[in-house]
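The lines below spell out each chain.
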Amino acid sequence: SSIEVHGLQSIVSTQEKIISSQTIQEIIENWIQNKNDNSIQAEIDFIKLPRKWKIPQGEDVNIVIKGPSSLSNRINISLKAIYNGKIYSSQTAKINIKYFQEVSVLNRPLSKGDLLKEENISLQYTDVTNSLGKIPYKITDFIGMKARKRLRIGSIINSFDFEQPT
């Protein structure tokens, strides 16, 4: 940083560096992966990304990312460069995310009222974007439960589609 004094007015200038959109993309990808369970992989489509971002040069610059607490499939992200405890500059990014994970799926269709059997289940690496938070951790708890509706081959086993038999 350099300081120039002109009478009663002073000008403070800070050495800047430019972060490329590729680097910003890598920062966002790391942030998303750190927010997710290791078994979930994220496929990110960057809709709006800053091309170049000027931030202060030096070790004491923190880049802070703020986004929604739970990652849905379309989110806006705020990036802030913090220097000397103050926001030096900020940018926004807009992204689409698809989440993939190995989960239990049906390997044959079930009609409403059919009981789920172990032989009806296969593991498959698939898109779970719309199923986050609904996927059971212990699939064995669902064996013997009744289908609430007609379910197709490949349907992800989730807590909303099954109920205790009566």
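Refer to the structure printed above.
The rules behind each value
- Residues numbered from 1 in each chain as written.
- Predicted model: local features only at pLDDT ≥ 70, side-chain atom pairs only at ≥ 80, totals over all residues.
- Heavy atoms only, no water.
- Salt bridge = Lys/Arg side-chain N within 4 Å of Asp/Glu carboxyl O.
- Helix = DSSP H or I, 4+ residues; strand = E, 2+ residues; numbered from the N terminus.
- Buried < 20%, exposed > 50% of the residue type's maximum accessible area, 1.4 Å probe, protein only.
- Core = buried A, V, L, I, M, F, W, Y, C linked by side-chain atoms within 4.5 Å.
- Contact = heavy atoms within 4.5 Å.
- Phe/Tyr/Trp six-rings, centres within 6.5 Å; stacked < 30°, edge-to-face > 60°.
- Polar contact = N/O pair within 3.5 Å; in protein donor to acceptor, adjacent residues only side chain to side chain.

K.L.:
Help me understand the pattern of salt bridges, please; the structure alone is not making it clear to me.
P.N.:
Two side chains that carry opposite charge are able to pair once their charged atoms sit near each other. Within the structure shown, the criterion is met by three salt bridges. Glutamate 163 serves as the salt-bridge partner of arginine 148, at 3.4 Å between the closest nitrogen and oxygen. Within this pair, whereas arginine 148 is found in the loop between β10 (146–147) and β11 (162–163), its partner glutamate 163 is found in strand β11, the two being separated by 15 residues in sequence. A salt bridge links aspartate 161 to lysine 149; the nearest nitrogen and oxygen atoms lie 3.6 Å apart. Of this pair, aspartate 161 sits in the loop between β10 and β11 while lysine 149 sits in the loop between β10 and β11; the two residues are twelve residues apart in sequence, bridging distant segments of the chain. We classify aspartate 161 as buried; its relative accessible area is 10%.

K.L.:
Sorry if this is basic, but what is going on with unusual backbone geometry here?
P.N.:
Trans is the prevailing form of peptide bonds, just as negative phi is the prevailing case for residues other than glycine. Located in the positive-phi region is asparagine 84, a residue other than glycine, with phi close to 55 degrees. Residue position: asparagine 84 is located in the loop between β7 (74–83) and β8 (86–106). The exposed category is assigned to asparagine 84, whose relative accessible area is 60%.

K.L.:
Got a minute to help me understand the environment of lysine 98 in this structure?
P.N.:
Tracing the sequence through the fold places lysine 98 in strand β8. In this structure the C-alpha to C-alpha distance between lysine 98 and asparagine 130, which are 32 residues apart in sequence, comes to 8.8 Å.

K.L.:
Quick question: what am I supposed to make of the nonpolar core here?
P.N.:
Note on soluble globular proteins: their nonpolar side chains tend to be buried together. Core analysis: the largest hydrophobic core is formed by 25 residues, its most contacted members being Ile28, Trp53, Ile77, Leu79 and Ile95. Every element with two or more residues in this core is listed here: α1 (21–35), β5 (52–56), β6 (61–66), β7 and β8. Among all residues touching isoleucine 28, those that are not within four sequence positions of it are Phe46, Leu49, Ile65, Ile77, Leu79, Ala93 and Ile95. One finds Leu106, Leu110, Met145 and Ile157 within the second-largest nonpolar core, a separate group that totals ten residues.

K.L.:
Got a minute to help me understand the packing of aromatic side chains in this structure?
P.N.:
Pairs of aromatic rings are described using the distance from one ring centre to the other and the angle between the two planes. Using the criterion set out here, one finds three aromatic pairs in the structure. Where tyrosine 83 meets tyrosine 88, the ring centres are 6.3 Å apart and the plane angle is 80 degrees; that geometry is what we call edge-to-face. Overall, the relative accessible area of 15% leaves tyrosine 83 in the buried class. Residue classification places tyrosine 88 among the partly exposed residues on the basis of a relative accessible area of 31%. Between phenylalanine 100 and tyrosine 125, the aromatic rings sit 6.1 Å apart at their centres with planes inclined by 20 degrees, giving stacked as the arrangement.

K.L.:
Could you clarify how one ought to interpret the side chain of asparagine 158 in this entry?
P.N.:
Within the fold, asparagine 158 resides in the loop between β10 and β11. Only 3.1 Å separates the side chain of asparagine 158 from the side chain of aspartate 161, close enough to count as a polar contact.

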